[in-house]
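# Notes for the structure review
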Amino acid sequence: MNYTRDRSLQLAIGIPGSLAIVGLVTLALKLAGSELQIQLIALLYLLPILVCTVLWGLSVGILAGFLSFLAFNYYFIQPYYTLAVHRTQDLITLIVFFIVAVVVSQLIGQARQAERVAKKRELEAMRMYELISAFAGLTDVELILKTLAEKIVDTFHFDQVEITSAVDQNAGQVKYHFPASSILVEPCDLSMTMFTARSTQGEIKLWFDQNTLSLEETRLLSAFSNQGALAIERAHLFESENVARVLEESDRVKTSLLNSVSHELRSPLAAIKASASSLRSRTVEWESAAREELIATIDEEADALNLLVGNLLDMSRIDAGALKPMLRWNSIQEIIKGVEGKMRNQLHHHPVVYDIPADFPLVPTDYVMMEQVFTNLFSNCIKYAPHETSINVSGRKIEERALITVVNQSPPVPEEQLDFIFTKFHRITAADKITGTGLGLSICKGIIEANKGKIWAENLPDGFAFRISLPLTLEGELPRTPKDEIDGKKPPDTSD
Amino acid sequence: MEKNPLILLIDDEPQILRALKTILGAAHYRVISASTGEEGIALAASQSPDVIILDLSLPDMDGIQVCEQIREWSTTPIIILSVRDGEREKVAALDKGADDYLTKPFNIDELLARIRVALRHSAASIGNKETIIKAGRLSIDLARHIVTLDDEELRLTSTEFKLLSYLAAHADRVLTHQGILTHVWGFEESDHIEYLRVYIGQLRKKIEKDPDNPELLITDPGIGYRYKTEG
């Protein structure tokens, strides 16, 4: 909003406007002739003053008053066509008229002025409110700078704005230029430091083509700058608080991890040690079937240890935010079938039944991580579902996402616990009947989230379901079809 | 009588060296070992082993570097050992000239199979180029573009043919996604793994008994594919 420009515009229209209105009134009164009494004429001359004050403000109103006074005197007070006044009565009328004109235009003008100021204040307050609401919940410095720059340009119509945040140990220095395409011409027309009671938070540089800023504009601008500084400070505080919270959480997790892991590492080790030392022992002569059994135990327990170590490694990566999936177009069926193949021995009592359409789309995932997910899910099913019940795996395309469901016959989980089973070290069976670190499902969740998906659990009337939903686009794109198919060079495929 | 093949183990973990020496010795291989990259390179040069088994994590240098240096003057097959989520590393080593990889912990049968393939491959590379590739149940006539599976001719599209013949020509060896894509579709398409998924799927339908449980076209998670004829 440019107040200075508004005012000069008012004058530019107001001066000829007031001349015209006073002229018109004079002409009308002149045509009406001499029947009118002088007091009535004086009263009627108040009209152009009112109109001009209302339309163009106080100064134009006063100008209209002065013009009316001259015209009244010149045309309607004897002797006509001079500015001289002979009769005392006329003189009094004229003086009273002049006083009334000035007072009326003053009063109206002030009221209008007050109204305009109030409107401006209201607008400023609204702008501030918009800015503060836009800042609400923003904890990213770059977003804050972006919001502030856009609001400044939006409010003041500056040509360019550049905001630089002060260097912060967590976030570093951030710079935002708006509009992004504009070209910088140093030096800027105005620069302001953004600061809070604590410290300097950054700098705003402005480019504009008018000469100066009005008082109101400067005031609003510095209010904007202060709010921006506060928002940046809040973001930094939030950040450091987050860091502290993560540290605390990971500390807590590490302690319970150590407790749980040392136990979990020992049980397969104990089995391996027992089997291997039995085989070495010279006191017992093992039958070949028993030997096979012992050897199988060693082999299987080694695999169990390997899975556990893999899970631990994944867990530490998930915690450190260092789990970086290699998202590639993969076939989910292939991944799951591969896992089934590797776990054939363990899945002996739990046949896997598939219901995945042949044309199920490719899903952008990390193959090796997804193997870990299904290994963990299957191993969970094996632990909790009764023997000789099947694991049903289905795949559906729902609303541009892949929905993969693994249903097994394990007992239902209380509804309020459903979310917690994906939390670290959570096991619904309090009794230590079932082995496991309680890490498996939380790793599934970590991996699926790193793969931009969601995982949750549901109690179904006919079993217990894990559901995984994954996006079907990679960086916003669908899988490409090879060129030779697009070109139509590919001969018709008759075999399938 | 011909001497037994010589295997060079480069690994810094004494337990692994001990176990592998015993197992490979029992399988009638001669074994020498090095526990650092430098020592390994020296032994590779002085003893000219038939196969090198190289662990990617070595105390003195990066296993990929070892692989690269040996490749400068030797074509000895190199089998690398790496951990489960070292896919990037494995692919890098394969790109630098390694022939195959195994993920630790591995099954000994698998290791022995890889060694056999590596030995066969190094023997085959001396021979002349064949225009007919026989790989397991499959026979591919490169000149006449005819593929037969168990003596029955298959109808393949030209891309399928190119893909299958490339895989079969390197039977039992892992080929990286990028390598395959570059060979079949050209360098500029080498990122589009989805092509491979589609075409491997089509090929499996044509040549596998059960396309869902492939026995010929095997996926190496995160690495690539191999055409399997043994084991």
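As the structure is a computational prediction, the values presented were derived from the model and not from experiment.

On to the overall build of chain B, then. Check the secondary structure of chain B and you find 8 helices and 12 strands. Counting all 231 residues of chain B, 40% fall into the buried class. Long-range contacts, defined here as pairs at least 24 residues apart, represent 56% of the contacts in chain B between residues at least 6 apart.

Along the backbone of chain A there are 11 helices and 11 strands. For chain A, the proportion of its 496 residues judged to be buried stands at 27%. Contacts in chain A between residues at least 24 apart in sequence constitute 69% of all its contacts with a sequence separation of at least 6.

Time to look at the interface of chain B and chain A. The interface is formed by 21 residues belonging to chain B together with 27 residues belonging to chain A. Among the elements that take part in the side of chain B that touches chain A, helix α8 (residues 193-207) of chain B stands out by supplying 7 residues, more than any other.

Before going further, it helps to examine helix α7 (residues 288-320) of chain A. Residue and element names in this part refer to chain A. Taking 1.5 Å of rise per residue, 33 residues should cover 48 Å, and α7 covers 48 Å from first to last C-alpha, within 8% of that figure. Taken as a whole, α7 has its buried residues at Asn-311, Asp-314 and Met-315. Buried residues along α7 sit against α9 (367-384) and α10 (440-450). Positive backbone phi, at 65°, marks Gly-321, one or two positions downstream of α7.

Our next topic: helix α3 (residues 58-76) of chain A. With 19 residues, α3(A) should reach 27 Å at 1.5 Å per residue; the first-to-last C-alpha distance of 26 Å fits that figure. Along α3(A), the residues classified as buried are A:Val60, A:Gly61, A:Leu63, A:Ala64, A:Gly65, A:Leu67, A:Ser68, A:Phe69, A:Phe72, A:Asn73 and A:Phe76.

Glancing now at the nonpolar core. Formed by 98 residues in total, the largest nonpolar core has its most connected members in B:Ile7, B:Ile10, B:Ile52, B:Leu54, B:Cys67 and B:Ile80. Take this core: its biggest share by element is 9 residues, from α9(A). Setting aside its immediate chain neighbours within four residues, B:Cys67 contacts B:Leu54, B:Ile78, B:Ile80, B:Ala93, B:Lys96, B:Gly97 and B:Ala98. Within the second largest apolar cluster, 23 residues are counted, among which are A:Leu145, A:Ile163, A:Tyr176 and A:Leu206.

Residues and elements named next belong to chain B. The sheet contact formed by strand β1 (residues 6-10) and strand β2 (residues 30-34) spans 5 bridges and is parallel. Within β2, the position partnered with Ile-10 by the bridge is Ala-34. Of the crossover connections in this fold, the one passing from β1 over helix α1 (residues 14-26) to the parallel β2 is right-handed.

Okay, the sheet that holds strand β6 (residues 132-135) of chain B next. Residues and elements named next belong to chain B. Strand order in the open sheet made by the 4 strands is β6-β7-β8-β9, with antiparallel pairing throughout. Edge strands, defined here as strands with exactly one partner in the open sheet, are β6 and β9 (152-154). Geometrically, the sheet is characterised by an average inter-axis angle of 25° between neighbouring strands, direction not taken into account. Across 4 bridges, the pairing between β6 and strand β7 (residues 138-141) is antiparallel. Note on β7: the bridge partner recorded for Ile-132 is Asp-141.

This brings us to the sheet that holds strand β9 (residues 401-408) of chain A. Residues and elements named next belong to chain A. Across the sheet, 5 strands lie side by side as β6-β8-β9-β11-β10; this open sheet has mixed pairing. Edge strands, defined here as strands with exactly one partner in the open sheet, are β6 (352-355) and β10 (454-460). Recorded for the sheet is a direction-independent mean angle of 20° between the axes of neighbouring strands. The pairing of strand β8 (residues 391-398) with β9 spans 7 bridges and is antiparallel. Across the sheet, Gly-395 pairs through a bridge with Ile-404, a residue of β9.

Another aspect to go through is the pairing of strand β4 (residues 78-82) of chain B. Residue and element names in this part refer to chain B. The buried count for β4 comes to 4 of 5 residues, which makes it a mostly enclosed element. Strand direction decides the pairing type here: strand β3 (residues 51-55) and β4, joined by 4 bridges, are parallel. In the strand pairing of β4, Asp-55 is matched with Leu-81. Each parallel crossover has a hand, and for β3 linked through helix α3 (residues 63-71) to β4 it is right-handed.

The subject of this paragraph is the packing of α3(A) against helix α4 (residues 88-135) of chain A. Residue and element names in this part refer to chain A. α4 packs onto α3 with a crossing angle of 165° between their chain directions and a minimal axis gap of 9 Å. As far as their axial angle goes, α4 and α3 are roughly antiparallel. Classified by chirality, the crossing of α4 by α3 is right-handed. Every residue of α4 that contacts α3 at Leu-58, Gly-61, Ile-62, Gly-65, Ser-68, Phe-69, Phe-72 and Asn-73 is listed here: Leu-94, Phe-97, Phe-98, Ala-101, Val-102, Ser-105, Ile-108, Gly-109 and Gln-113. Per-class residue counts for the contact of α3 with α4 are 10 nonpolar, 7 polar and no charged.

A few words on the confidence of the model for chain B. On average, residues of chain B carry a pLDDT of 88, and 94% of them reach 70 or more. Prediction confidence for the complex, expressed as pTM and ipTM, is 0.60 and 0.80 respectively.

Residues and elements named next belong to chain A. Here helix α8 (residues 332-342) crosses α9 at 55°, and the two axes come no closer than 9 Å. In terms of axis orientation, α8 runs oblique to α9. Handedness of the crossing formed by α8 with α9: right-handed. Across the interface between the two elements, Ile-335, Ile-336, Gly-338 and Val-339 of α8 pack against Tyr-367, Met-370, Glu-371, Phe-374, Thr-375 and Phe-378 of α9. Of the residues in the contact of α8 with α9, the class split is 7 nonpolar, 2 polar and 1 charged.

In this model, A:Phe178 is joined to A:Pro179 through a cis peptide bond whose omega is -10°. Here A:Pro179 lies in the loop between β2 (175-178) and β3 (190-195). Cis geometry is found at the peptide bond from B:Lys104 to B:Pro105, where omega equals -5°. Phi is positive for A:Glu388, close to 60°, though the residue is something other than glycine. Summarising the element assignment, A:Glu388 is placed in the loop between α9 and β8. The phi dihedral of B:Asp150 is positive, around 50°, even though this residue is not glycine. Structurally, B:Asp150 is set in the loop between β8 (146-149) and β9.

Note on placement: A:Arg328 falls in strand β5 (residues 328-330). In this structure A:Arg328 comes out as buried when scored by C-beta crowding, with 20 C-beta atoms within 10 Å. Dropping the residues within four chain positions of it, A:Arg328 is found in contact with A:Pro364, A:Tyr367 and B:Ile193.

Low-pLDDT portions of the prediction should not be read for the details of their coordinates. Residue and element names in this part refer to chain A. In this model, chain A carries an average pLDDT of 83, and 91% of its residues clear a pLDDT of 70 or more. pLDDT under 50 marks residues 430-434. Its contacts with residues more than four places away, or in other chains, come to 2 contacts. In this model residues 486-496 is a low-confidence stretch, pLDDT under 50, and it forms 12 contacts with partners more than four residues away in sequence or in other chains.

A word on the environment of A:Ala231. With respect to the element layout, A:Ala231 can be found in helix α6 (residues 215-280). Not counting residues up to four positions away in its chain, the partners in contact with A:Ala231 are A:Phe135, A:Leu138 and A:Ile144.

Turning our eyes to something else, we now look at the environment of A:Ile455. Residue and element names in this part refer to chain A. Considering the arrangement of structural elements, one finds Ile-455 in strand β10. For Ile-455 and Leu-403, which are 52 residues apart along the polypeptide, the C-alpha to C-alpha distance reads 9.6 Å. With residues near it in sequence (within four places) discarded, Ile-455 still touches Phe-422, Cys-444, Lys-445, Ile-448, Phe-466, Arg-467 and Ile-468.

Conventions we followed
Residues numbered from 1 in each chain as written. Chains lettered and ligands numbered in written order. Predicted model: local features only at pLDDT ≥ 70, side-chain atom pairs only at ≥ 80, totals over all residues. Helix = DSSP H or I, 4+ residues; strand = E, 2+ residues; numbered from the N terminus. Buried ≥ 20, exposed ≤ 12 C-beta atoms within 10 Å, placed from the backbone. Contact = placed C-beta atoms within 7 Å. Expected span 1.5 Å × (residues − 1). Core = buried A, V, L, I, M, F, W, Y, C linked by C-beta atoms within 7 Å. Pairing = 2+ DSSP bridges. Right-handed = clockwise from strand over helix to strand, strands pointing away. Axes fitted to C-alpha atoms, helices over the stretch in contact; angles between N-to-C directions. Parallel < 35°, antiparallel > 145°, perpendicular 65-115°, else oblique. Left-handed = near helix turned anticlockwise from the far one by under 90°. Nonpolar A, V, L, I, M, F, W, Y, C, P; charged D, E, K, R; others polar. pLDDT = per-residue confidence, 0-100.

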